[in-house]
Each structure stands twice: as C-alpha cells, then as structure tokens.
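Residue strings, one per chain:
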Amino acid sequence: KNQVEQSPQSLIILEGKNCTLQCNYTVSPFSNLRWYKQDTGRGPVSLTIMTFSENTKSNGRYTATLDADTKQSSLHITASQLSDSASYICGVNGTGGGNKLTFGTGTQLKVEL
Amino acid sequence: EAGVTQSPTHLIKTRGQQATLRCSPISGHTSVYWYQQALGLGLQFLLWYDEGEERNRGNFPPRFSGRQFPNYSSELNVNALELEDSALYLCASSLSWGQNGYTFGSGTRLTVV
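Please read all numbers here as calculations on a predicted model, not as lab measurements.

J.: Kindly report on the overall build of chain A, identifying the contributing residues and their values.
T.: When you go through chain A residue by residue, the secondary structure sums to 0 helices and 11 strands. At 13 Å, chain A has a C-alpha radius of gyration in line with the 13 Å of a compact globule built from 113 residues. Dimensions along the principal axes, computed over C-alpha positions, put chain A at roughly 45 × 30 × 20 Å. For chain A, the accessible surface area stands at approximately 5,400 Å², while carbon and sulfur atoms represent 47% of it. Charged side chains of chain A number 10 positive and 8 negative; the gap between the two group centres comes to 6 Å.

Below, the structure is given as structure tokens:
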C-alpha cells in the first residue's frame, strides 16, 4: 500500500532558528516528490518538486533533499520567520496512477518570537 | 494570471442533502484534480479529470461524483451527505498529464450538520 509518513507531527521553534522536517514514503514505482506549504484555511502552495535523479533542491530559505534508495526526503528551513508558521505537506507521485499524489498528514510548524 | 478558483468558499448542508462544489482551472490547464482534506488527515485523492474524461478515482463511495466541462472547469457533487463528509475540498489544475506539479485553489469548506 502506498503510504507517506511525516515527522514530527508538530514543531515549535524560535524565530531565526533552523529546522528539518522528514518525509518517508513507500510509494512505488516512484515518479516525483513534492513539498507544499499550507497556511490555515488555504490551499497548499508548492515549494519544490524532486524527481528520482535529484538529491537536493533549494527554493530560497527552503532546501529539500531526496534519497530515493531509502525512500526518504527532508525539508530544511533556514533562518525561520514568523511567516513560516504553517503546515508542511509531503506528496509523492507514483508512475502508475497518472498525476495522483499520495500525501502525508503534514508537519505543523509554529515559529515564535 | 488568475489562479485556480473555487466556489463557494464555505458551504453548510444538512445530512442527507446534496452539495455541489465548483472549480475553475488556470487558463491553459486541462487537468483538474479533487482532494478531500478532513481534520487531522492528509489530503485524500478523490478524482482526476483531463480533457473532459475521468482518468482516475480514489477510494470514495459512488455518491462522490463529478464532471469536467468543455471549458475545463469542473464540478464535484456529493450526494446523501454524511457528517463525515465535513472537510476542506481542494481543487488543483495542471497541464494535461503534467508531471511538473499542479496548483491548488483555496478550497471549499463543507460543513455537514
């Protein structure tokens, strides 16, 4: 069964600190993995898309890594800001289901002063 | 460029009634996806339409149905509403069979009482 698990469930950090969110998946065969940021009551916004051959991809203060062998991905946030407070969701696209994504339940990040 | 638009923003229905949710994709996008996001759960794939055809369906009962119109907009219908159908319903669009990610709308919050 295709599954995506994220950890931690929630995280509180001080503004300016770094943090790393984890995503493990069992989706097979694998096509790509996507990280989204979702503010409360809003739709998810894409941060990065990583394919099988990509190990690291950055988008501003966000850096995603992918290890396709161990089926693990991480999202590192540098120099956090209050506006980073949101849910971060990992979605995995397998090659067998068209463009259907299997999502994790997300990590709820809160950045405090 | 206008993003994915969904209407209504909020919808309150009584158990047993029918709900109709609407989605307008980004101009030029021919694929539309529907996801359900219940409280505490990850996004669950509902339906994928491309070029007017249903391409894939998630593990939801037949009372969840939809269609895509010639202008690529889409409608999700939920019949015989149950309390558990209360959720945020998200629509996303992409280029046909696009593997480069898709863009989500802000969702329709459906509350069944």
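J.: Hey, could you go over the packing of aromatic side chains for me, with residue numbers and the actual values?
T.: As enumerated under the stated definition, the model contains 13 aromatic pairs over all chains in all. With 5.9 Å between their ring centres and 55 degrees between their planes, Y36(A) and F103(A) make a pair best called tilted. Here Y36(A) is found in strand β4 (residues 30-38), whereas its partner F103(A) is found in strand β10 (residues 101-103), with 67 residues between them in sequence. We classify F103(A) as buried; its relative accessible area is 7%. Joined through ring pairs, the aromatic side chains of Y36(A), F103(A), Y33(B), Y35(B), F45(B), W48(B), Y102(B) and F104(B) make up one cluster. Taking NZ or CZ as reference, R34(A) lies 5.1 Å from the ring centre of Y102(B), over its face.

J.: Lay out the nonpolar core in plain terms, naming residues and giving numbers.
T.: The biggest cluster of nonpolar side chains holds 24 residues, and the ones touching the most others in it are Y25(A), L33(A), W35(A), L75(A), Y88(A) and V92(A). The set of elements that each furnish at least two residues to this core consists of β3 (19-25), β4, β5 (45-51), β7 (62-67), β8 (72-77), β9 (86-94) and β11 (107-112) of chain A. The contacts of Y25(A), once residues within four sequence positions are left out, are Q3(A), V4(A), F30(A), L33(A), L66(A), D67(A), A68(A), K71(A), Q72(A) and V92(A). Formed by 22 residues, the second largest nonpolar core is a distinct cluster that contains L21(B), V32(B), L47(B) and F60(B).

J.: Please set out the pattern of salt bridges residue by residue, giving values where relevant.
T.: Oppositely charged side chains are able to pair whenever their charged atoms sit close together. Counted under the stated rule, the structure contains 8 salt bridges over all chains. Of the charged contacts in the structure, one is a salt bridge between D84(A) and R61(A), with a shortest N-O distance of 2.8 Å. One end of the pair, D84(A), is in the loop between β8 and β9; the other, R61(A), is in the loop between β6 (56-59) and β7, with 23 residues separating them in the sequence. Owing to a relative accessible area of 1%, D84(A) belongs among the buried residues under this scheme. On the accessibility criterion, R61(A) (23% relative accessible area) is partly exposed. Between R22(B) and E75(B) there is a salt bridge, with its nearest N and O atoms 3.9 Å apart. Linking R22(B) in strand β3 (residues 19-24) with E75(B) in strand β8 (residues 74-78), this pair joins segments that are 53 residues apart in sequence. Taking the relative accessible area as the measure of exposure, R22(B) reaches 44% and is therefore partly exposed. Salt bridges here are not isolated pairs; linked through shared partners, they connect R22(B), R67(B) and E75(B).

The rules behind the values
- Residues numbered from 1 in each chain as written.
- Chains lettered and ligands numbered in written order.
- Predicted model: local features only at pLDDT ≥ 70, side-chain atom pairs only at ≥ 80, totals over all residues.
- Heavy atoms only, no water.
- Helix = DSSP H or I, 4+ residues; strand = E, 2+ residues; numbered from the N terminus.
- Rg over C-alpha atoms; globule rule 2.2 N^0.38 Å.
- Areas by Shrake-Rupley, 256 points an atom, 1.4 Å probe, with all protein chains shown as cover.
- Lys, Arg positive; Asp, Glu negative; His and termini not counted.
- Charge placed at Lys NZ, Arg CZ, Asp CG, Glu CD.
- Phe/Tyr/Trp six-rings, centres within 6.5 Å; stacked < 30°, edge-to-face > 60°.
- Buried < 20%, exposed > 50% of the residue type's maximum accessible area, 1.4 Å probe, protein only.
- Lys NZ or Arg CZ within 6 Å of the ring centre and 35° of its normal.
- Core = buried A, V, L, I, M, F, W, Y, C linked by side-chain atoms within 4.5 Å.
- Contact = heavy atoms within 4.5 Å.
- Salt bridge = Lys/Arg side-chain N within 4 Å of Asp/Glu carboxyl O.

What is shown is where atoms sit, not what they do.
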